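Residues per chain are reported as follows:
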Amino acid sequence: MTGLPEKTILRALAGETLKTPPVWMMRQAGRYLPEYRATRADAGGFLDLCYNPDFATEVTLQPIRRFGFDAAILFADILLLPQALGMDLWFETGEGPRLNPVTNVAELGRLKGKDDIHDTLAPVYQSVKQISEALPKETTFIGFAGAPWTVASYMIAGRGTPDQGPARKWMYTDPEGFGKLIDLVTEATIEYLAKQVEAGAEVIKLFDSWAGTLAGSCFEDYALKPALRIATELKSRFPDLPIIAFPRGAGGGYIKFADQKVFNGLAIDTSVPADWARDALQSKITVQGNLDPMLLVTGGEALERETRRLLDILGDGPYIFNLGHGITPDGDPANVEKMLNIIRG
Ligand code: CP3
């Protein structure tokens, strides 16, 4: 690469403090947008959107057209990888994802190897290519995957659970068998993300939505170490690739991520106080977050107050404005507009 990056998100991830912080939102392509609901109805269902490059490109671009966010994130799901590894995946309306679970080491034999995922995922790589060609030149394109712990926890439970109990039971009772699953997901994730980068993704984000359920040494073993392995391997193949980690719910464990030179950005959830993030994290790493998504439902004075508060506290260091978790289906696009007007003055 020659010279410094020009796109705002890339500049922030390179450690620069921008006068107006760049902004995007988790789940920015989603059900709160009428145009998303219309495209989803045309496609038939959520997975039909994910595996059709034309539809996936369209919904990725919708929030960029409407709001001009500084980043677009690939429209896909973290559970496409287990599907590519040979599991059945479907979504129960109103409930969420379902997989036919792997519950013990013997069942790992059902899964494919890390190099056998690409036939299933080829449409996703095609979406990446089409989106990267269609985006405005100032918009950064983020590819992503789930982190191994979060992905494995859905593979083991076969669905969302309140506390990832089934995965934590396996983790404690058969660490060796469980470690094999984590290793397989880690290795497949590296190959999946490498293909996204080759197809045009400029930044990679690793979603560990359930990192907060890992206690004691398990946080290091199953959240930190797999993320490090993925990031280190990707950087050996793509030295300039910026990587954002999101170990949601990690609490003090965020410091362990900030201390690793291999990550460029750290996404914080709503449980992290912004002033703590400024003092404990921001001198080491670019911080991204953490407006409460509920404020995009309620709007009003609270939205204005909390948006300004984040800008005041985190705006003097390397910062990317975002939510603490994804925008919910009852979020109001008018409130998103309001938030952007406050950020951009
Ligand atoms: O952020 C984006 O706009 C990019 C696309 C994206 C989706 N899922 C689309 C999606 C991303 C980055 C994800 C990540 C994802 N998927 C995570 C990690 C982030 C997080 O939210 O914690 C997880 C845990 C999943 C698994 C998943 N996918 C669940 C639990 C659900 C059901 C819950 C829900 O919100 O309905 C999904 C479905 C899903 N993934 C939707 C979207 C837009 C809703 C699908 C629909 O249109 O019905």
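Preceding this paragraph is the structure being described.
Let us look at the structure shown here. Here the structure is a predicted model, which means the values were calculated and not measured.

### With respect to the pattern of salt bridges
Step number 1: Throughout the structure, instances matching the rule amount to 21 salt bridges.
Step number 2: Here arginine 305 ties to glutamate 301 by a salt bridge, and the two come within 3.3 Å at their closest N and O atoms. Taken as a pair, arginine 305 and glutamate 301 lie in helix H14 (residues 300–314) at a separation of four residues, close to a single helical turn.
Step number 3: Take glutamate 301: its relative accessible area is 55%, and that puts it in the exposed class.
Step number 4: Residues arginine 308 and glutamate 304 are paired through a salt bridge, measuring 3.1 Å at the closest nitrogen-oxygen approach. With arginine 308 and glutamate 304 both in helix H14 and four residues apart, the pair spans about one turn of that helix.
Step number 5: The class for arginine 308 is partly exposed, based on a relative accessible area of 40%.
Step number 6: Where salt bridges share partners, they join Asp183, Glu187 and Arg229 into one cluster.

### Some words on unusual backbone geometry
Step number 1: Cis geometry is found at the peptide bond from glycine 289 to asparagine 290, where omega equals -25°.
Step number 2: Within the element layout of this structure, asparagine 290 appears in strand S8 (residues 286–291).
Step number 3: Positive phi, normally seen in glycine, also occurs at arginine 27, with a value near 60°.
Step number 4: Residue position: arginine 27 is located in the loop between helix H1 (8–13) and helix H2 (34–43).
Step number 5: The class for arginine 27 is exposed, based on a relative accessible area of 53%.
Step number 6: We note that glutamine 164 has phi near 55°; this positive angle belongs to a residue other than glycine.
Step number 7: With respect to the element layout, glutamine 164 can be found in the loop between helix H7 (148–157) and helix H8 (165–173).

### Quick look at the nonpolar core
Step number 1: Ranked by size, the top nonpolar core spans 131 residues in total, and within it Leu181, Tyr192, Leu281, Val336 and Met339 carry the most contacts.
Step number 2: With twelve residues, the top contributor of residues to this core is helix H9 (residues 175–199).

### Some points on the pairing of S8
Step number 1: By the criterion of burial, S8 is predominantly enclosed, with six of the six residues buried.
Step number 2: Pairing of strand S7 (residues 265–267) with S8, which is carried by three bridges, proceeds in the parallel orientation. Bridged to alanine 267 within S8 is glutamine 288.
Step number 3: At this point the chain moves from S7, through helix H12 (residues 274–280), to the parallel S8, and the crossover so formed is right-handed.
Step number 4: The sheet contact formed by S8 and strand S9 (residues 319–323) spans five bridges and is parallel. Directly across from leucine 291, in S9, lies its bridge partner leucine 323.

### A word on the sheet that holds S8
Working definition: the strands of a sheet are paired by backbone hydrogen bonds and lie parallel or antiparallel to each other.
Step number 1: Reading across from one edge, S1-S4-S5-S6-S7-S8-S9 is the order of the seven strands in this open sheet, with parallel pairing throughout. The open sheet has two edge strands with one neighbour each: strand S1 (71–73) and S9. Ignoring strand direction, the axes of neighbouring strands in this sheet form an average angle of 25°.
Step number 2: As paired elements, strand S6 (residues 243–247) and S7 share two bridges and run parallel to each other. Residue isoleucine 244 lies in a different strand from S7, and its bridge partner there is glycine 265.
Step number 3: Sheet contacts for H14: S8 and S9; angle to S8, the most-contacted strand, approximately 165°.

### Describing the site of the ligand
Step number 1: Arg27, Tyr36, Arg40, Asp77 and Ser209 are the nearest of the 21 residues found near the ligand.
Step number 2: One of the side-chain nitrogen or oxygen atoms of arginine 40 is found 2.5 Å away from an oxygen atom of the ligand.
Step number 3: Contact distances for the ligand include 2.5 Å between an oxygen atom and a side-chain N or O atom of serine 209.
Step number 4: Within the complex, 87% of the 870 Å² of free accessible area of the ligand lies under protein.
Step number 5: Split into classes, the residues belonging to the shell around the ligand amount to 14 nonpolar, three polar and four charged.

### Observations concerning the packing of aromatic side chains
Step number 1: By the definition in use, this model includes 13 aromatic pairs.
Step number 2: Look at phenylalanine 46 and phenylalanine 91: their rings are 4.9 Å apart centre to centre, the planes differ by 80°, and that puts the pair in the edge-to-face class. One end of the pair, phenylalanine 46, is in helix H3 (residues 46–50); the other, phenylalanine 91, is in strand S2 (residues 89–92), and 45 residues separate them in sequence.
Step number 3: The exposure class of phenylalanine 91 is partly exposed, given its relative accessible area of 30%.
Step number 4: Centroid distance phenylalanine 144 to phenylalanine 207: 5.5 Å. Interplanar angle 85°. Geometry classified as edge-to-face. Remark: phenylalanine 207 occurs in strand S5 (residues 203–208) and phenylalanine 144 occurs in strand S4 (residues 140–146); sequence separation between them is 63 residues. You'll find phenylalanine 144 and phenylalanine 207 in the same group, each marked buried.
Step number 5: Among the aromatic residues, those joined into a cluster by ring pairs are Tyr36, Phe46, Phe75 and Phe91.
Step number 6: Over the ring of phenylalanine 246 we find lysine 205, and its NZ or CZ is 4.8 Å from the ring centre.
Step number 7: Positioned over the ring face of tryptophan 210 is arginine 248, at 5.5 Å from the centre of the ring.

The rules behind each value
Residues numbered from 1 in each chain as written. Predicted model: local features only at pLDDT ≥ 70, side-chain atom pairs only at ≥ 80, totals over all residues. Heavy atoms only, no water. Salt bridge = Lys/Arg side-chain N within 4 Å of Asp/Glu carboxyl O. Helix = DSSP H or I, 4+ residues; strand = E, 2+ residues; numbered from the N terminus. Buried < 20%, exposed > 50% of the residue type's maximum accessible area, 1.4 Å probe, protein only. Core = buried A, V, L, I, M, F, W, Y, C linked by side-chain atoms within 4.5 Å. Pairing = 2+ DSSP bridges. Right-handed = clockwise from strand over helix to strand, strands pointing away. Axes fitted to C-alpha atoms, helices over the stretch in contact; angles between N-to-C directions. Contact = heavy atoms within 4.5 Å. Near = heavy atom within 4 Å. Polar contact = N/O pair within 3.5 Å; in protein donor to acceptor, adjacent residues only side chain to side chain. Areas by Shrake-Rupley, 256 points an atom, 1.4 Å probe, with all protein chains shown as cover. Nonpolar A, V, L, I, M, F, W, Y, C, P; charged D, E, K, R; others polar. Phe/Tyr/Trp six-rings, centres within 6.5 Å; stacked < 30°, edge-to-face > 60°. Lys NZ or Arg CZ within 6 Å of the ring centre and 35° of its normal.

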